[in-house]
Structure formats: structure tokens, C-alpha cells
Amino acid sequence: MLKKQNNFVQRFFSIVFFTPVIVFAIFWSAWTYFFLFFYVVMLAMLEFYKLLKQANVAPMRGYGIWLGLLLYTLAFSYCLQDNFSPLLSYGSILFTIFIYIAALYRHKPSNPFLDIAVTFLGIVYIAVPCGMLHYLAFFKGIYSHQLILGLLVIVWSQDTGAYLVGATIGKSKFFKRISPQKTWEGFLGGALFALVTGHGIAYFFTILPPWQWLAISAITILTGTYGDLVASLLKRSVDVKNASEMIPGHGGLLDRVDSLLLTIPAVVAFLQITLLCG
């Protein structure tokens, strides 16, 4: 019981400290938003590669992180339209080829192509979804904080609801083989919080009609849950509880963004489909 209380206190103070910083960065300008998630991509990829290293895999983390950040920056440059630099796109192609060549000069790699594969996996798993986040930021052609903040608040509310309800009355295990602490009660609590939050957001962020905010909430319930389970599968495969101890009470940065990594592509696809069908 004492351990749970200490964890709750740590989570609370971490939220109080980090949430205003995140909200301010997204709200203030496109560039503060860009650098916020630039930092997220860099640290989350570093944690990802460190986890895989514990599984006796040797990803080329320096090259992977640089290429991931390059692709993230390229997507942002494209969304800015007037500031798009073709040089970045050609550089990313060359950097991709260079990863294969660099693998030839590594000393005693245990499994070179496995190392190359997991290097690209880090890019696809983390950098690509964060790059797709720019589509939401520039949904109307110019930067707006509404979709980014709205999505984050929905994801946070689901996570908070699942944690509070699961810790209070959770008994029925949801996915015991992968994440023993998750319960059906927590899942349903998170789903309720997400739907209520999506309904409320529609009154403040008018960039989307209410039905689309509710649809995004429904998507988040599914993809956020599975995103968390996928991250749990990764951590269980290397026998660790958290990606790191960067954020007290929460674990690592990867532990905080795991729900977003599947949610962002799904939300982007949903909005694109509705635009095409509309």
C-alpha cells in the first residue's frame, strides 16, 4: 500500500511539473512545438535502443537517432511549405544507404543484419509517428495547437482513468501474459474518461466537429491500449519494468509516449479518410 501511495505522489508531482512545460511549448509557436517533440524523438529512440541492447542486439543507435531526427525534421519542413528543403530529403536517402555501409566496419557484430533491422525498427516505431504528428499540427495549412493538445489531453485522460480505476477497483486481468497489472476495470475506466474528455474538448477546440473528436477518442481507446501493450511486450522481452527512470513515478519517456505511437498514425489515417469521403 505504501509503495502505491509513493508511486501516486511521484506521478502527481511529475504531472504538475511537466504538463505546463508541454502545454506551453505546443501553445506558444510551431518552433517550440517542433523542438519539444524533437527532444522526445531523440530520448525515446535512445531508450528504445538501450532496451534492445539488453537483448543481446547491437543497434546502430547513433545512426538510427540521427536518421530519425532527420526524417522528423524533413516532415516538419515539408509542412511549413515555404521552408521545405529538398536537401534534407536527399540527405536522408544518403544517410539510409550509409547505415548499410557503416555496418561493414563495425567490430565483431553478433548479427549484422539483425542489428540493421532493429536500427530501422526504432525509426519506424518512434520517429515516423512523431513525424506524422506534423500533419495534425498543420491540419488547416497553418500551425494550430488545437489538434495536438486535444489528442494529448484525450490520451492523458485515458491513461489517468485507467490508472485510477484500475488501482482502486481493478480485479479482472486484461492481458496477464503481457501486462499483469492491467485490468478490464481499468480499461473501461480509461475508455470512459477518454470519451467524456473528447466530448468536452469539442466545445473548446473547434478545429474539428464534435463527432470527429468523439471518433478520435474511440480510436485512442483502442490504439492507446494496444500501444501500451506493445511497449510492455518490448520491456517484458528484456525483463525490465520501465524503459528508464527519467520521469519519477512514470518511468522513461518511452513509457509516456507509447500510447501515442500507434494512435498518431491511426488518427491521421482517420482524418485523411474523412476528408476524402467528405
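Everything discussed here concerns the structure shown above.
These numbers were taken from a predicted model, which means no experiment stands behind them.

Novice: When you look at the overall build of the chain in this model, what are you seeing that I'm missing?
Specialist: A tally of regular secondary structure across the chain gives nine helices and two strands. In sequence order, the chain lays out its α and β elements as α-α-α-α-α-α-β-β-α-α-α. Expressed as a percentage of contacts within the chain between residues at least 6 apart in sequence, the contacts between residues at least 24 apart total 71%. Of the roughly 14,900 Å² of accessible surface on the chain, a fraction of 70% belongs to carbon and sulfur atoms.

Novice: I tried to follow the nonpolar core on my own but got confused; where do I start?
Specialist: Nonpolar side chains tend to gather and get buried jointly when the protein is soluble and globular. Counting 74 residues, the largest nonpolar core has F37, L136, L147, I148, W213, I216 and L254 as the members making the most contacts within it. In terms of residue count, helix α2 (residues 30-53) provides more of this core than any other element does, 14 residues in total. Setting aside residues up to four positions removed in sequence, F37 forms contacts with I26, Y72, L133, I148 and L152.

Novice: Looking at this structure, I do not really get the pattern of salt bridges. What am I missing?
Specialist: Side-chain pairs of opposite charge can arise whenever the charged atoms involved come near each other. Tallied over the full model, the rule gives three salt bridges. Taking the shortest distance from any N to any O, the salt bridge between D159 and R256 comes out at 3.1 Å. Taken together, the positions of D159 in helix α6 (residues 146-169) and R256 in helix α9 (residues 253-277) put the pair 97 residues apart, joining distant regions of the chain. On the basis of relative accessibility, which here comes to 29%, the residue D159 falls in the partly exposed class.

Novice: Please explain the pairing of strand β2 (residues 179-183) as it appears in this structure.
Specialist: It is a general feature of regular strands that their side chains alternate between the two faces of the sheet. Both strand β1 (residues 173-175) and β2 contribute to a ladder of two bridges, which runs antiparallel. Along β2, the bridge assignment pairs F175 with S179. The antiparallel hairpin formed by β1 and β2 contains three residues in its connecting segment.

Rules and cut-offs
Each chain carries its own residue numbering, running from 1 in the direction its sequence is written. Two thresholds apply to this predicted model, a pLDDT of at least 70 for residue-level local features and 80 or more for giving and counting side-chain atom pairs, whereas whole-chain, interface and lining totals are computed over all residues. Side-chain numbers here rest on the full set of heavy atoms in the structure, without hydrogens or water. Here a strand is any run of E in DSSP of at least two residues, a helix any run of H or I of at least four, and the numbering for each starts at the N terminus. We call two residues in contact whenever any of their non-hydrogen atoms come within 4.5 Å of each other. Only the protein chains shown count as cover for residues, and all accessible areas are computed by the Shrake-Rupley method using a 1.4 Å probe. Among buried residues, the Ala, Val, Leu, Ile, Met, Phe, Trp, Tyr and Cys ones that are joined through side-chain atoms within 4.5 Å form a nonpolar core. Each residue's exposure class comes from its accessible area (1.4 Å probe, protein chains only) as a fraction of the maximum for that residue type: buried when under 20%, exposed when over 50%, partly exposed otherwise. The term salt bridge refers to a pairing of a side-chain nitrogen on Lys or Arg with a carboxyl oxygen on Asp or Glu at a separation within 4 Å. A pair of strands is considered paired only if DSSP assigns at least 2 bridges between the two.

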